[in-house]
Amino acid sequence: VGQAAISGGATPTVLAIAAQDLKAVSDKVAPPNAGQVTTEFVPDTKPLFAPITEGTVVGKVVAKRGDKIVAEVPALASRDVPQAVLSAAISNTSG
């Protein structure tokens, strides 16, 4: 659903995935014929530091119909992100 920034990781980002099927959650709250649902990844507001383990909450996925939020589920790291070795950490922070 999106990429979460990771400080000090072997990679600078990790793919975020929805913890649940957002369509099923939003259909329970608002009927499917009520309009198109859009989704948005909202990264966690606090910085994330490596190491990160698969399944760590890295933000949330928000479902909206128009301007109305109809559902939210946690966004999880799709894989482990180990801490960078010194040379990789310098490379990831320098640009």
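Residues numbered from 1 in each chain as written. Predicted model: local features only at pLDDT ≥ 70, side-chain atom pairs only at ≥ 80, totals over all residues. Heavy atoms only, no water.

> Could you clarify how one ought to interpret the overall build of the protein chain in this entry?
When helices and strands are counted, the protein chain shows two helices and five strands. What you see in the protein chain, going N to C, is helices and strands ordered as β-β-α-β-β-β-α. Burial analysis of the protein chain (95 residues in total) assigns 28% to the buried set. Carbon and sulfur atoms make up 57% of the accessible area of the protein chain, which totals about 5,800 Å². (Helix = DSSP H or I, 4+ residues; strand = E, 2+ residues; numbered from the N terminus. Buried < 20%, exposed > 50% of the residue type's maximum accessible area, 1.4 Å probe, protein only. Areas by Shrake-Rupley, 256 points an atom, 1.4 Å probe, with all protein chains shown as cover.)

> What exactly am I supposed to notice about the pairing of strand S1 (residues 2-5) here?
In regular strands, side chains alternate between the two faces of the sheet. Burial of the side chains of S1 is restricted to one face: Gly2 and Ala4 are buried, whereas none of Gln3 and Ala5 on the reverse face is. For S1 and strand S2 (residues 13-18), the ladder comprises four bridges, and the chain directions are antiparallel. Bridge assignment links Ala5 to a residue of S2, and that residue is Thr13. (Pairing = 2+ DSSP bridges.)

> Mind showing me how you'd approach the nonpolar core here?
One recurring pattern in soluble globular proteins: nonpolar side chains tend to sit buried together. In this structure, Ile6 and Val58 are the most contacted members of the largest nonpolar core, which totals 18 residues. Those elements that place two or more of their residues in this core are S2, strand S4 (57-65) and strand S5 (68-77). The greatest single-element share of this core, amounting to five residues, is contributed by S5. Once residues lying within four places of it in the same chain are set aside, the contact partners of Val58 are Ala4, Ala16, Phe41, Pro43, Asp44, Leu48, Ala75, Leu76 and Ala77. (Core = buried A, V, L, I, M, F, W, Y, C linked by side-chain atoms within 4.5 Å. Contact = heavy atoms within 4.5 Å.)

> So what exactly am I meant to see when it comes to the sheet that holds strand S3 (residues 37-43) here?
Strand pairing within a sheet occurs via backbone hydrogen bonds; the two strands may be parallel or antiparallel. What the five strands build is an open sheet, ordered S1-S2-S5-S4-S3; its pairing is antiparallel. Looking along the sheet, the strands with just one partner apiece sit at the ends: S1 and S3. Taken over all neighbouring pairs, the strand axes of this sheet differ in orientation by 35° on average, direction set aside. In this sheet, S5 lies alongside S4 in antiparallel orientation, the contact comprising eight bridges. Bridge pairing in S5 links Val62 to Glu72. (Axes fitted to C-alpha atoms, helices over the stretch in contact; angles between N-to-C directions.)

> Teacher, can you tell me more about the pattern of salt bridges here?
Taken as a whole and judged by the stated rule, the model has three salt bridges. Here Glu40 makes a salt bridge to Lys64, at a shortest N to O gap of 3.8 Å. One end of the pair, Glu40, is in strand S3; the other, Lys64, is in strand S4, with 24 residues separating them in the sequence. Between Asp44 and Lys46 there is a salt bridge, with the nearest N and O atoms lying 3.8 Å from each other. Judged by its relative accessible area of 26%, Asp44 is partly exposed. Look at Lys46 and you get exposed, because its relative accessible area is 54%. (Salt bridge = Lys/Arg side-chain N within 4 Å of Asp/Glu carboxyl O.)

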